[in-house]
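# Descriptive structure summary
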Amino acid sequence: MAKKKAKSAAADANKRVPRKEPYDSDRMSNVVERLREQAGRISQLARTLDDADIDEVVIDGHAMLLRGLNQIDNFADNAARAVREARTMKFG
């Protein structure tokens, strides 16, 4: 059986999401709204556990959630830095 050709790194690079993207206040507001909706869903689950007097549940994806929370923290830090730099450039 013949070997498959290796994909070129350039072809893979074209498919990737850019590392940096521009954000305006509307786009950031959309992110905040999505986070609020997700927080509301998780908060409702916590209330349901309390109301049903359920001690605990085992949930798949725990590690993924923690990585996501860390990514949100990193994004917020990077966004704060970008805003600070933009203000410095604008107002000197």
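Our structure's up above, just so we're on the same page.
A short tour of the structure in this document, coming up.

Cut-offs and rules
- Residues numbered from 1 in each chain as written.
- Predicted model: local features only at pLDDT ≥ 70, side-chain atom pairs only at ≥ 80, totals over all residues.
- Heavy atoms only, no water.
- Salt bridge = Lys/Arg side-chain N within 4 Å of Asp/Glu carboxyl O.
- Buried < 20%, exposed > 50% of the residue type's maximum accessible area, 1.4 Å probe, protein only.
- Patch = residues over 30% accessible without salt bridge, like charges linked within 9 Å, V, L, I, M, F, W, Y side chains within 5 Å.
- Areas by Shrake-Rupley, 256 points an atom, 1.4 Å probe, with all protein chains shown as cover.
- Helix = DSSP H or I, 4+ residues; strand = E, 2+ residues; numbered from the N terminus.
- Phe/Tyr/Trp six-rings, centres within 6.5 Å; stacked < 30°, edge-to-face > 60°.
- Lys NZ or Arg CZ within 6 Å of the ring centre and 35° of its normal.

### Details of the pattern of salt bridges
Oppositely charged side chains can pair when the atoms bearing their charge come close. As enumerated under the stated definition, the model contains 1 salt bridge in all. We note a salt bridge from Glu21 to Arg27, for which the minimum N-O separation is 2.9 Å. Residue Arg27 is classed as partly exposed on the basis of its relative accessible area of 31%.

### Here's the deal with a nonpolar patch on the surface
A grouping of Leu35, Ile42, Leu45, Leu65, Leu66, Leu69 and Ile72 is seen on the molecular surface, where their side chains present a nonpolar patch of about 610 Å² in accessible area. Going through the elements one at a time, helix H2 (25-51) and helix H3 (62-91) are the ones with two or more residues in the nonpolar patch. Counting residues per element, the nonpolar patch draws most heavily on H3, at 4 residues. Along the chain, the position of Leu45 falls in helix H2. Residue class for Leu45 comes out exposed when judged on its relative accessible area of 56%.

### Re the packing of aromatic side chains
Tallying each qualifying case throughout the model produces 1 aromatic pair. Ring geometry for Tyr23 versus Phe75: centroids 5.4 Å apart, planes at 65°, classification edge-to-face. In this pair, Tyr23 is assigned in the loop between helix H1 (9-15) and H2 and Phe75 in helix H3, connecting sequence segments 52 residues apart. The positively charged end of Arg27 is found above the aromatic ring belonging to Tyr23, 4.0 Å away from the centroid.

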